[in-house]
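Now for the letters of each chain:
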Amino acid sequence: WWQWALSLPIDAHPLFDTADCDAGQQGKVWFLGGAFTGTATTRECTVPHGKVILLPVLNVECSTVEPPPFFGGNEAELRACAKSFQDAATDLNASIDGHEVRHLERYRVQSPVFDFDAPENNALFIPGPVSGQSVSDGVWLLLAPLSRGSHTVRFGGNFPGFPIDVTYNLTVD
């Protein structure tokens, strides 16, 4: 998911609402995500039938190329950095077609170290193009393919000073 999110320039990026949600999508898994705006966001999105959907309820990454506080110089530092931010997350919530997803803490995962490439105008807001390594920590939902028709997926939570509240009105076609 992060490799996808970091690979897109912010002026053509679905999480900045500067591109349709199909930007950069390929393969069997369709990515949804939060908003980098800190305000409630509603998006309309058409998802091809048969796609598994992956979304972060709330997540963070730390990398070898970002300045502090998101910097880690080695795997242990990257893991500690991502964990410290995710540990501060509160008020996590998610619902699918009005049905609350309970016990979200069970879906928290820290990634292995991964490589990424980010373009010049990137979501890390650092000079690019740039390549680095990162670790992510977050609460993730992997949804089985939804039936054809309309669906509503809502999720979010709070990092100190940065709320996430996203609603996707999906059309599975």
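It should be noted that the structure appears before, not after, this text.
Residues numbered from 1 in each chain as written. Predicted model: local features only at pLDDT ≥ 70, side-chain atom pairs only at ≥ 80, totals over all residues. Heavy atoms only, no water.

### With respect to the packing of aromatic side chains
Enumeration according to the criterion identifies 7 aromatic pairs in this entry. Between Phe16 and Phe125, the ring centres sit 5.9 Å apart and the planes meet at 80°, which makes this aromatic pair edge-to-face. With Phe16 in the loop between helix 1 (2-7) and strand 1 (29-31) and Phe125 in the loop between strand 7 (114-118) and strand 8 (130-143), this residue pair connects regions lying 109 residues apart in the sequence. On the numbers, 6.1 Å between centres and 15° between planes, the contact of Phe155 with Tyr168 is stacked. Here the residue Phe155 occupies a position in strand 9 (residues 149-159), and Tyr168 occupies one in strand 10 (residues 162-172), the gap between them amounting to 13 residues. Taking relative accessible area as the criterion, Phe155 reaches 0% and is therefore assigned buried. Among the aromatic side chains, those forming a connected cluster through ring pairs are Trp1, Trp2, Trp4, Phe31 and Trp140. (Phe/Tyr/Trp six-rings, centres within 6.5 Å; stacked < 30°, edge-to-face > 60°. Helix = DSSP H or I, 4+ residues; strand = E, 2+ residues; numbered from the N terminus. Buried < 20%, exposed > 50% of the residue type's maximum accessible area, 1.4 Å probe, protein only.)

### Description of the side chain of Glu66
Of note, Glu66 is situated in the loop between strand 3 (52-63) and helix 2 (75-87). With no salt bridge to any partner, buried Glu66 finds its closest opposite charge in Arg79, at an N-O distance of 14 Å. A polar contact is formed between the side chain of Glu66 and the side chain of Ser63, at a distance of 2.9 Å. (Lys, Arg positive; Asp, Glu negative; His and termini not counted. Salt bridge = Lys/Arg side-chain N within 4 Å of Asp/Glu carboxyl O. Polar contact = N/O pair within 3.5 Å; in protein donor to acceptor, adjacent residues only side chain to side chain.)

### Considerations on the state of the cysteines
Applying the stated criterion across every chain yields a total of 2 disulfides. Here Cys21 pairs with Cys45 through a disulfide, and the sulfurs are 1.9 Å apart. Linking Cys21 and Cys45, the disulfide has an S-S dihedral of approximately 95° and is accordingly described as right-handed. Taken together, the residues span a long stretch of sequence, with Cys21 in the loop between helix 1 and strand 1 and Cys45 in strand 2 (residues 41-47) at a distance of 24 residues. There is a disulfide in this structure between Cys62 and Cys81, and the S-S distance comes to 2.0 Å. Across the S-S bond of Cys62 and Cys81 the torsion is about -70°, and the bridge reads as left-handed. Here the residue Cys62 occupies a position in strand 3, and Cys81 occupies one in helix 2, the gap between them amounting to 19 residues. According to the relative accessible area criterion, Cys62 is buried, its value standing at 0%. Note on Cys81: relative accessible area 8%, which makes it buried. (Disulfide = S-S within 2.5 Å.)

### Notes on the side chain of Glu61
Within the fold, Glu61 resides in strand 3. Although buried, Glu61 forms no salt bridge, and the nearest oppositely charged side chain, Arg79, lies 12 Å from it. A polar contact of 2.7 Å, which involves the side chain of Glu61, links it to the side chain of Ser134. Discounting residues that sit within four places of it in the chain, Glu61 has contacts with Trp2, Glu66, Phe70, Leu124, Ser134, Val135 and Ser136. (Contact = heavy atoms within 4.5 Å.)

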